[in-house]
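Given next are the chains, with one letter for each unit.
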Amino acid sequence: MIGKVRKFVGEVRIELGKAQWPWDLNERGFKRFKELSDSTMVVLIAMLILGGYIAFFDFILITVVSALTHQ
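As the structure is a prediction and not an experimental result, all values here were calculated from the model.

Undergrad: Sorry if this is basic, but what is going on with the overall build of the protein chain here?
TA: Counting its secondary structure elements, the protein chain contains two helices and zero strands. For 71 residues, the compact-globule estimate of 2.2 N^0.38 gives 11 Å, and the protein chain exceeds it by more than 25% at 23 Å. Once the C-alpha set of the protein chain is aligned to its principal axes, its extents read approximately 65 × 40 × 15 Å. Within the protein chain, buried positions represent 0% of all 71 residues. Of the roughly 7000 Å² that the protein chain leaves accessible, carbon and sulfur atoms contribute 69%. Taking the average location of the 9 positive side-chain charges in the protein chain and that of its 7 negative ones, the two points are 12 Å from each other.

Undergrad: Got a minute to help me understand the packing of aromatic side chains in this structure?
TA: When we look at a pair of aromatic rings, we describe it by the centre distance and by the angle of the planes. Using the criterion set out here, one finds two aromatic pairs in the structure. On the numbers, 4.8 Å between centres and 65 degrees between planes, the contact of Tyr53 with Phe57 is edge-to-face. On the criterion of helical spacing, the pair formed by Tyr53 and Phe57 is a turn pair, its members being four residues apart in helix H2 (residues 34–69). Overall, the relative accessible area of 52% leaves Tyr53 in the exposed class. Given a relative accessible area of 38%, Phe57 falls into the partly exposed group. Here Phe56 and Phe57 contribute two aromatic rings whose centre-to-centre distance is 5.2 Å and whose plane-to-plane angle is 80 degrees, an arrangement assigned as edge-to-face. By way of ring pairs, the aromatic residues Tyr53, Phe56 and Phe57 are connected into one cluster.

Undergrad: Sorry, what's going on with the pattern of salt bridges here?
TA: Between side chains of opposite charge, a pair can form as their charged atoms come close. As enumerated under the stated definition, the model contains two salt bridges in all. Glu15 is paired through a salt bridge with Lys18; the nearest N and O atoms lie 3.3 Å apart. With Glu15 and Lys18 both in helix H1 (residues 2–18), this residue pair falls three residues apart, about one helical turn. You can call Glu15 partly exposed: its relative accessible area is 47%. With a closest N to O distance of 3.2 Å, Lys34 and Asp38 form a salt bridge. With Lys34 and Asp38 both in helix H2, this residue pair falls four residues apart, about one helical turn. The class of Lys34 is partly exposed, set by a relative accessible area of 47%. Relative accessible area serves as the criterion here: at 38%, Asp38 is assigned to the partly exposed category.

What counts and what doesn't
Residues numbered from 1 in each chain as written. Predicted model: local features only at pLDDT ≥ 70, side-chain atom pairs only at ≥ 80, totals over all residues. Heavy atoms only, no water. Helix = DSSP H or I, 4+ residues; strand = E, 2+ residues; numbered from the N terminus. Rg over C-alpha atoms; globule rule 2.2 N^0.38 Å. Buried < 20%, exposed > 50% of the residue type's maximum accessible area, 1.4 Å probe, protein only. Areas by Shrake-Rupley, 256 points an atom, 1.4 Å probe, with all protein chains shown as cover. Lys, Arg positive; Asp, Glu negative; His and termini not counted. Charge placed at Lys NZ, Arg CZ, Asp CG, Glu CD. Phe/Tyr/Trp six-rings, centres within 6.5 Å; stacked < 30°, edge-to-face > 60°. Salt bridge = Lys/Arg side-chain N within 4 Å of Asp/Glu carboxyl O.

Written as structure tokens, this is what we have:
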């Protein structure tokens, strides 16, 4: 069991070494994480827009179904 865990951790380290990280390791301070924070803001704004879109059409469908089912 311990051997499997060691193998897994070793494979994870190798794969993380291949990854391209969203910041420059030579920069310092907040500038280092600028791309990461910008990407996070894009995701948050996209989530809000998509959530509003879904809520709007959910409201419309509920209203239409409600109007069709009430006599």
